[in-house]
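Letter by letter, the chains look like this.
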Amino acid sequence: MTPAAKAQWQIHLCVLLWGFTAILGKLISLPALPLVWWRMLLVAGTLLLLPRVWRGLRALPGRLLLAYSGVGALVALHWLTFYGAVKLANASVAATCMALATVFVALIEPLVARSRFSWRELALGLAVLPGVALVVGGVPDGMRVGIAVGALSALFVACFGAMNKRLVERADPLTVTALELGAGTLTLTVLAPLMPLLFPAFAGSLLTLPGARDGAWLLLLAFACTLLPFALSLVALRHMSAFAAQLAVNLEPVYAIALAIVLLGEQRELAPGFYVGVAIILAAVLVYPVLARPRRIVHAENIGTGEAKSITR
């Protein structure tokens, strides 16, 4: 299997695991802010118990520490708005809004990752817009605010995805994951006192321990749906563009919607146009590998540290 093909399998495994995150966000009763804070704290705290992570942190220069911390702040804002969309609408709608990230990535990646601008990628990104429009038309009026928040979340994910693409080859993926999620935890801690004023719907106390049920769901969310796919996606990005990765992530709504139907019965809340829109988004995902031209690949053995070579996500 070529590195590029392996990266495709890795990113699709990540997408499958991420498909559960919207479901868990709906099952967990906590507001968006404490939900994301606990998610990031559990993962970052666990990784900081590993000696290899501390070795990696000591080896990073100050500029990279700041860069990865900035990415972590964007990750925190993405998850905050994503789970805000779950709470304001539902799991299916929030996951579908992530398809907008393809348009944002097509515009942002050439600027941030210093890659060549691709009209084809922009066209494929724009191809999902009719699908998103049908999705919007297929939800009740009371969920429209959730769609707007979900679109903002898509912008954040495009920004940190493009930045990670530029920085991914410079450090051990587990070290990067610990640093970014630790910085995200600090970002949310600073925002917590302001959240009742900025967006009351997201606000919640960080000092209240989750109940047993919420705690169990949070552990599953943190380790099976965050730690594993977050680190694995960084490995996959070594052999694919941020746009290709984000287009694959557009499959997340398919998994999320199927799970939401089975576990939450959300099909009763959505009109047929919603599912037609999802089909259009899926078509754009499937056509990309057919149209994509081979890219020059920088192999992992030529970049990064010895430890980074052995990581799989």
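Above this text sits the structure in question.
These lines cover the structure that appears in this document, whether it is placed above or below. (Residues numbered from 1 in each chain as written. Predicted model: local features only at pLDDT ≥ 70, side-chain atom pairs only at ≥ 80, totals over all residues. Heavy atoms only, no water.)

## Quick notes on the overall build of the protein
Right, so step 1: When helices and strands are tallied, the protein shows 16 helices and zero strands.
Right, so step 2: A total of 313 residues make up the protein; the buried ones form 54% of that total.
Right, so step 3: A sequence separation of at least 24 residues applies to 89% of the contacts in the protein between residues at least 6 apart.
Right, so step 4: Surface accessibility of the protein: about 13,300 Å² in total, with carbon and sulfur atoms responsible for 71%. (Helix = DSSP H or I, 4+ residues; strand = E, 2+ residues; numbered from the N terminus. Buried < 20%, exposed > 50% of the residue type's maximum accessible area, 1.4 Å probe, protein only. Contact = heavy atoms within 4.5 Å. Areas by Shrake-Rupley, 256 points an atom, 1.4 Å probe, with all protein chains shown as cover.)

## Considerations on the pattern of salt bridges
Right, so step 1: Enumeration according to the criterion identifies one salt bridge in this entry.
Right, so step 2: In this structure, aspartate 172 and arginine 52 form a salt bridge, with 3.3 Å as the shortest nitrogen-oxygen distance. With aspartate 172 in the loop between helix H9 (144-167) and helix H10 (173-191) and arginine 52 in helix H3 (residues 51-59), this pair connects stretches of sequence that are 120 residues apart.
Right, so step 3: Residue classification places aspartate 172 among the buried positions, given a relative accessible area of 5%. (Salt bridge = Lys/Arg side-chain N within 4 Å of Asp/Glu carboxyl O.)

## Thoughts on the packing of aromatic side chains
Describing an aromatic ring pair means giving the distance of the ring centres and the angle of the ring planes.
Right, so step 1: Taken as a whole and assessed by the stated rule, the structure comprises three aromatic pairs.
Right, so step 2: Seen from their ring centres, tryptophan 37 and tryptophan 38 are 5.2 Å apart, and the 85 degrees between their planes marks the pair as edge-to-face. Exposure class is identical for tryptophan 37 and tryptophan 38. Each is buried.
Right, so step 3: On the basis of an interplanar angle of 5 degrees and a centroid distance of 4.2 Å, the ring pair of phenylalanine 199 and phenylalanine 202 is categorised as stacked.
Right, so step 4: Judged by relative accessible area, which is 30%, phenylalanine 199 ranks as partly exposed.
Right, so step 5: Taking the ring centre of tryptophan 79 as reference, the NZ or CZ of arginine 39 above it sits at 3.8 Å. (Phe/Tyr/Trp six-rings, centres within 6.5 Å; stacked < 30°, edge-to-face > 60°. Lys NZ or Arg CZ within 6 Å of the ring centre and 35° of its normal.)

## Some points on the side chain of asparagine 90
Right, so step 1: Here asparagine 90 lies in the loop between helix H4 (62-88) and helix H5 (91-97).
Right, so step 2: We classify asparagine 90 as buried; its relative accessible area is 0%.
Right, so step 3: At 2.9 Å, the side chain of asparagine 90 and the backbone nitrogen of valine 93 are in polar contact. (Polar contact = N/O pair within 3.5 Å; in protein donor to acceptor, adjacent residues only side chain to side chain.)

## A few points about the side chain of arginine 39
Right, so step 1: Within the fold, arginine 39 resides in helix H2 (residues 32-47).
Right, so step 2: Within the structure, the side chain of arginine 39 is placed 3.4 Å from the backbone oxygen of cysteine 225, a separation counted as a polar contact.
Right, so step 3: Engagement of the side chain of arginine 39 in a polar contact is seen with the side chain of threonine 226, the distance being 2.5 Å.
Right, so step 4: Residues contacting arginine 39, with those up to four places away along its chain left out, are Thr21, Trp79, Tyr83, Leu218, Leu221, Ala222, Cys225 and Thr226.

## Side note on the environment of alanine 283
Right, so step 1: Among the structural elements, alanine 283 can be located in helix H15 (residues 272-291).
Right, so step 2: Judged by its relative accessible area of 42%, alanine 283 is partly exposed.
Right, so step 3: Along the backbone, alanine 283 and glycine 131 are 152 residues apart, and their C-alpha atoms lie at a distance of 9.8 Å.

## Description of a nonpolar patch on the surface
Right, so step 1: Where nonpolar side chains cluster on the molecular surface, the patch consists of Leu13, Leu16 and Phe20 and spans about 220 Å² of accessible area.
Right, so step 2: Along the chain, the position of phenylalanine 20 falls in helix H1 (residues 3-27). (Patch = residues over 30% accessible without salt bridge, like charges linked within 9 Å, V, L, I, M, F, W, Y side chains within 5 Å.)

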